[in-house]
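# A structural walkthrough
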Amino acid sequence: MRIYLALALQALWTGVCQAAMQHYPAAWGHYDVCKSQIYSDEGLTWDYMACQPEAADMTQYLKVTLDPPNITCGNPPETYCALENPYMCNNECDASTEELAHPPELMFDIEGRNPTTFWQSTSWKRYPKALLVNITLSWNKTIELTDDIVLTFESGRPEQMVLEKSLDYGRTWQPYQFYATDCLDAFTMEPKTVQDLTQHTLLDIICTEDYSRGYVWKYDKTVRFEIKDRFALFAGPRLHNMASLYGQLDTTKNLRDFFTITDLRIRLLRPATGATMVDENNLSRYFYAISDIKVQGRCKCNLHANSCVFDKEKLSCECEHNTTGPDCGRCKRNYQGRAWSAGSYLPIPKGTANICIPNNIGPVIAPQVALSTAPSVHVANRKRARVCDNELMRCQNGGVCIGNVRCNCPAAYTGLLCEKPRCESELGGCRGAGSGQPPLRPASSFGPWQLVLLLGLALL
């Protein structure tokens, strides 16, 4: 009896701890497990969850190209002067000498080296013709940004610059942010900062003057595109409410696309001059030099993979949930029983896997179609398609299975398995009081007193 009691108390304590953990998750939104085995009425089955790879330094996987291609200094060798002192001209760039060369790959090497390594452009020898450089970073893979994009300049920070993104592998481009010492003069835009944005204006493209000052602020070397400040509009100042952020990313397509890229392009339009007038007698003072670029993100796998591999110079998701493709963007062969769908962050914290199902669980062929294409005996023997009668296909979010054929969904949800919120896909649309979408909260579980009652009944 004591052994049974001890085991029961141990089970009770485990249940209480699990309940506490569900209400106070250690980390929201990591989604690092795609499936786990659980015991159900049918025995040992799989519990599928939304999942995604961990964030990583994405610069180790990119390809960089420069336009024009001959814009890097050193061919022919050239001597440069300091911006703050036009008479200090002892910096040399020579592509044929390793110690004096400044190729593009030095934008992504190990930081902290002494002396600092950096890429450098040719000087502004053709003034007043603009000194234009396009630096394109390509991944040949869709990635999702998770932290600020940071550029560190060894020259003065550019007086005019544009950061652009592509979602179609560089075929088309759209601006991410404009940078200038004078936004009105350079781009006919009112200057703003990310602090001026709200939840409803987060997708606005702004011009900022915060990062374009000349050499007077020579210790301010970085230029940023602030990802985390935009996250904070939903998750709070210290990103403590990631549940809110993931809920918005899940229900607002344009918001999620905003942080998704295949390529980045840095358009350098005017170098730092440190003054209102350009010294035409000493143009070797003006150039671009970048010592580091940081891009933190993760492979986009549509919440169907928790790892991404780099093989043969290419990134690819290791897909789960019977999906396949570089982004897990389609169902495997013979697993097309319903249309492919991306995973969902909701309900927090496990999300919804939206797995691909075998073909034999697909929709029923209408009798009149079957009669025209097959003998009548095949129609008579054909079974009705089953939708919600096994561990792979269960109604979600409170839906009720009707006759093993369809799910009767609550008013706030829709879809084959009640997996999709019914509220409109617009900023804040699924968070308003009248949207019909229940507030985000962890999955329900037995409370401690319910477990005590069940233990008592078991002992009796």
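Residues numbered from 1 in each chain as written. Predicted model: local features only at pLDDT ≥ 70, side-chain atom pairs only at ≥ 80, totals over all residues. Heavy atoms only, no water.

On to the overall build of the protein chain. Scanning the protein chain from terminus to terminus reveals 8 helices and 24 strands. Looking at the protein chain alone, contacts between residues at least 24 apart form 66% of all its contacts between residues at least 6 apart. Accessible surface, the protein chain as shown: approximately 25200 Å² in total, 52% of it carbon and sulfur. (Helix = DSSP H or I, 4+ residues; strand = E, 2+ residues; numbered from the N terminus. Contact = heavy atoms within 4.5 Å. Areas by Shrake-Rupley, 256 points an atom, 1.4 Å probe, with all protein chains shown as cover.)

Its place among the elements puts glycine 170 in the loop between β10 (160-166) and β11 (174-180). Residues glycine 170 and arginine 265, 95 residues apart in the sequence, show an inter-C-alpha distance of 9.0 Å. Beyond its immediate chain neighbours, meaning those up to four positions away, glycine 170 contacts Thr262 and Asp263.

Attention shifts here to the state of the cysteines. Under the criterion given, the structure shown has 8 disulfides. With its sulfur 2.0 Å from that of its partner, cysteine 301 forms a disulfide with cysteine 317. Residues cysteine 301 and cysteine 317 are joined through a disulfide that is left-handed, its torsion about the S-S bond being -90 degrees. Of this pair, cysteine 301 sits in the loop between β16 (296-299) and β17 (308-311) while cysteine 317 sits in strand β18 (residues 314-317), placing them 16 residues apart in sequence. On the basis of relative accessibility, which here comes to 2%, the residue cysteine 301 falls in the buried class. (Disulfide = S-S within 2.5 Å. Buried < 20%, exposed > 50% of the residue type's maximum accessible area, 1.4 Å probe, protein only.)

Look at the link from asparagine 75 to proline 76: it is a cis peptide, with omega at 5 degrees. You can see proline 76 is positioned in the loop between β4 (63-67) and β5 (78-80). Residue proline 128 is bonded to the preceding tyrosine 127 through a cis peptide linkage, with omega at 10 degrees. Secondary-structure assignment places proline 128 in the loop between β7 (119-120) and β8 (133-145). The phi torsion at threonine 188 lies on the positive side, around 50 degrees, for a residue other than glycine. Turning to its location among the elements, threonine 188 is positioned in the loop between α2 (183-187) and β12 (207-208). In this structure, histidine 321 is a non-glycine residue whose phi angle is positive, near 60 degrees.

As a further point, take the pairing of β17. Pairing of β17 with β18, which is carried by 4 bridges, proceeds in the antiparallel orientation. Counted as the bridge partner of phenylalanine 310 is leucine 315 from β18. Where β17 folds back onto β18 in an antiparallel hairpin, the turn is made up of 2 residues, including lysine 312, whose phi is positive at roughly 55 degrees. (Pairing = 2+ DSSP bridges.)

We now examine the packing of aromatic side chains. What the rule picks out here adds up to 14 aromatic pairs. Both rings, one in tyrosine 61 and one in phenylalanine 310, keep their centres 5.0 Å apart while their planes meet at 50 degrees; by these two values the pair is tilted. Taken together, the positions of tyrosine 61 in the loop between β3 (56-57) and β4 and phenylalanine 310 in strand β17 put the pair 249 residues apart, joining distant regions of the chain. According to the relative accessible area criterion, phenylalanine 310 is partly exposed, its value standing at 36%. Members of the aromatic cluster, connected to one another through ring pairs, are Tyr176, Phe225, Phe231, Phe258 and Phe259. Cation over ring: lysine 35 sits above tryptophan 46, and NZ or CZ is 4.5 Å from the ring centre. (Phe/Tyr/Trp six-rings, centres within 6.5 Å; stacked < 30°, edge-to-face > 60°. Lys NZ or Arg CZ within 6 Å of the ring centre and 35° of its normal.)

Quick look at the pattern of salt bridges now. Counting across every chain of the model gives 14 salt bridges. In this structure, arginine 256 engages glutamate 144 in a salt bridge whose closest nitrogen and oxygen atoms are separated by 3.5 Å. Pair noted here: arginine 256 is in helix α5 (residues 253-258) and glutamate 144 is in strand β8, with a separation of 112 residues, a long-range link. The exposure class of glutamate 144 is buried, given its relative accessible area of 8%. Of the charged contacts in the structure, one is a salt bridge between arginine 267 and glutamate 164, with a shortest N-O distance of 3.3 Å. Of this pair, arginine 267 sits in strand β14 (residues 260-270) while glutamate 164 sits in strand β10, and the two are 103 residues apart along the sequence. According to the relative accessible area criterion, glutamate 164 is buried, its value standing at 8%. Beyond isolated ion pairs, a larger network of salt bridges with shared partners links Glu164, Arg265 and Arg267. (Salt bridge = Lys/Arg side-chain N within 4 Å of Asp/Glu carboxyl O.)

No statement about biological role is implied by the geometric values presented.
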